[in-house]
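Examining the three-dimensional arrangement
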Amino acid sequence: MSDDERMRRWRLVLGGEGAEGTGVTLAGVDKGMDEALAALYRDGGGEGGSGRSAGLGGSAPKVARWLGDIRQYFPSTVVQVMQADAIERLNLTRLLVEPEMLEAVEPDVHLVGTLLSLNKVMPDKARTTARMVVAKVVAELERRVAQRTRAAVTGALNRAARISRPRHRDIDWNRTIRANLKHYQAEHRTVVPERLIGYGRSTKAVHRDVVLCVDQSGSMAASVVYSGVFAAVLASMKSLRTSLVVFDTAVVDLTDQLHDPVEVLFGTQLGGGTDINRAIAYCQGLITRPRDSIFILISDLYEGGVRAEMLRRVAAMTAAGVQVIVLLALSDEGQPSYDHSNAAALAAMGVPSFACTPDAFPELMAAAIERRDLQPIIEKLGR
């Protein structure tokens, strides 16, 4: 790298007055990048009480132009970070109700979470644009997860329905060989398969009931978005009976909207308190086949309701044969903030509590359907 290129990069990193010693004057694209960064990150007495000056003021058109600039100068992943920083540092949340702003943003999961939290205060024109933004993100998420989820769940359902006298085409050769290793004939260097293990052929019957119970408090925004998309994918599979329940201090059943994940997301109300006990009580009423049911609570476990009753209800479900799993988050982020005391109490009952990424969720569902040990998945996620 040449000295000129090194000094150019230092000039872009330092920005503004701090870059005077570099002796570099920016022009063209470099100048545009520097101005876009300075508008967000330069020190000063900006709005929002952050001690930062964006140079963006309170004008939606001006912010929209800035959003267009950063999309021109930076890759999508960087744009998403800058958008999130702008909303936090400059208190731009209120401007997201402006259609001009919404048309300029780079859609992502966190932006969808912010829009959903503003749903009830948006004017109709902005809500129409917001739906377009949300629909774009949902479509991308479905492309990312739908095929893997259906494949993992279908395979798990087939394996869970193994039969002992399969037709040749239905034989699971890997498991058959493992089950018959004691019948290995050394002289012939082969295994005599006295017991065949096969996959059950698919039927139209419902094999598992899945209840997703999702905390919609403000800290769970990304988890709400991913949960809505996954619930819609699972609901499209005839061999599962999928229910989606969201809650804060009230409980809302969105199961009848699962054919349209965008409608599901706009049926949520991010923010407010948390009453996990009330939500679990409602979900208990949905479970009619305990031993064929999977209950997934997605929550940071900060309980505003009756803690002892919440734990008692979980214990009753597990005792009845329901497979209970608690996801502290369903998002791309790392370890979330959560109530360690409640997580420990659940762990003592044999109920795992852990954060799960969207990419790991299909494998988690497959393991739950087969009632496999979840510890290998948990350990993989903890790395």
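Further up the page is the structure itself.
A brief structural summary. (Residues numbered from 1 in each chain as written. Predicted model: local features only at pLDDT ≥ 70, side-chain atom pairs only at ≥ 80, totals over all residues. Heavy atoms only, no water.)

Overview of the nonpolar core
Ranked by size, the top nonpolar core spans 80 residues in total, and within it W66, L115, L212, I296, I325, L327 and F361 carry the most contacts. If you look at the next biggest cluster of nonpolar residues, it comprises 25 residues, including V314, M317, L328 and A345. (Core = buried A, V, L, I, M, F, W, Y, C linked by side-chain atoms within 4.5 Å. Buried < 20%, exposed > 50% of the residue type's maximum accessible area, 1.4 Å probe, protein only.)

Some details on the environment of D4
Structurally, D4 is set in helix α1 (residues 3-14). Note on D4: relative accessible area 66%, which makes it exposed. (Helix = DSSP H or I, 4+ residues; strand = E, 2+ residues; numbered from the N terminus.)

As for the sheet that holds strand β3 (residues 208-215)
Across the sheet, six strands lie side by side as β5-β4-β3-β6-β7-β8; this open sheet has mixed pairing. The open sheet is flanked by β5 (251-253) and β8 (353-356), the only strands paired with a single partner. Neighbour to neighbour, the strand axes of the sheet diverge by 25° on average, direction disregarded. Across five bridges, the pairing between strand β6 (residues 293-298) and strand β7 (residues 323-330) is parallel. Along β7, the bridge assignment pairs I296 with I325. The strands touched by helix α14 (residues 361-370) within the sheet are β3, β4 (240-247), β6, β7 and β8, with β7 carrying the most contacts at an inclination of about 170°. (Pairing = 2+ DSSP bridges. Axes fitted to C-alpha atoms, helices over the stretch in contact; angles between N-to-C directions. Contact = heavy atoms within 4.5 Å.)

Some remarks on the layout of surface pockets
Where empty space is left in the structure can be found by rolling a water-sized probe over the atoms. In this structure, the largest pocket occupies an estimated 290 Å³ of space. Around the largest pocket, the lining is made up of 19 residues, and of these S219, M220, A222, S331 and E333 lie nearest the centre. Only α6 (109-117), α9 (221-235) and β7 provide two or more residues apiece to the lining of the largest pocket. The biggest single contributor to the lining of the largest pocket is α6, with four residues. Tallied by class, the residues present in the lining of the largest pocket amount to seven nonpolar, ten polar and two charged. In this structure, the second largest pocket spans a volume of roughly 240 Å³. (1 Å grid on protein atoms, 1.4 Å probe; cavity = no way out; pocket = protein on both sides within 12 Å on 5 of 7 lines; lining within 4 Å. Points joined across faces, edges and corners; volume = space filled by probe spheres on them. Nonpolar A, V, L, I, M, F, W, Y, C, P; charged D, E, K, R; others polar.)

Focus on unusual backbone geometry
If you check the backbone angles, L301 has positive phi at about 70° while not being a glycine. Within the element layout of this structure, L301 appears in the loop between β6 and α12 (307-320). Look at R371: it is not a glycine, yet its phi comes out positive at around 55°.

A look at the pattern of salt bridges
Scanning the entire structure with this criterion turns up 13 salt bridges. The salt bridge partner of E263 is R131, with a shortest N-O separation of 3.4 Å. Taken together, the residues E263 in helix α10 (residues 261-266) and R131 in helix α7 (residues 124-160) connect sequence positions 132 residues apart. The class for R131 is partly exposed, based on a relative accessible area of 29%. When the shortest N-O distance is used, the salt bridge between R278 and D275 registers 3.9 Å. (Salt bridge = Lys/Arg side-chain N within 4 Å of Asp/Glu carboxyl O.)

Here we look at the state of the cysteines
A full pass over the atoms with the stated rule returns zero disulfides. Here C283 stays unpaired: no disulfide links it, and the sulfur of C213, its closest cysteine neighbor, is 3.7 Å away. (Disulfide = S-S within 2.5 Å.)

A closer look at the packing of α7 against α9
Running from N to C, α7 and α9 cross one another at 50°; their axes reach a closest spacing of 9 Å. Taken together, the axis directions place α7 and α9 in an arrangement best described as oblique. The two elements α7 and α9 meet at a crossing, and its hand is right-handed. Of α9, the residues touching α7 (which contributes V138, L141, E142, R144, V145, A146, T149, R150 and V153) are V225, Y226, V229, F230, V233 and L234. The residue makeup of the contact of α7 with α9, split by class, is eleven nonpolar, one polar and three charged. (Parallel < 35°, antiparallel > 145°, perpendicular 65-115°, else oblique. Left-handed = near helix turned anticlockwise from the far one by under 90°.)

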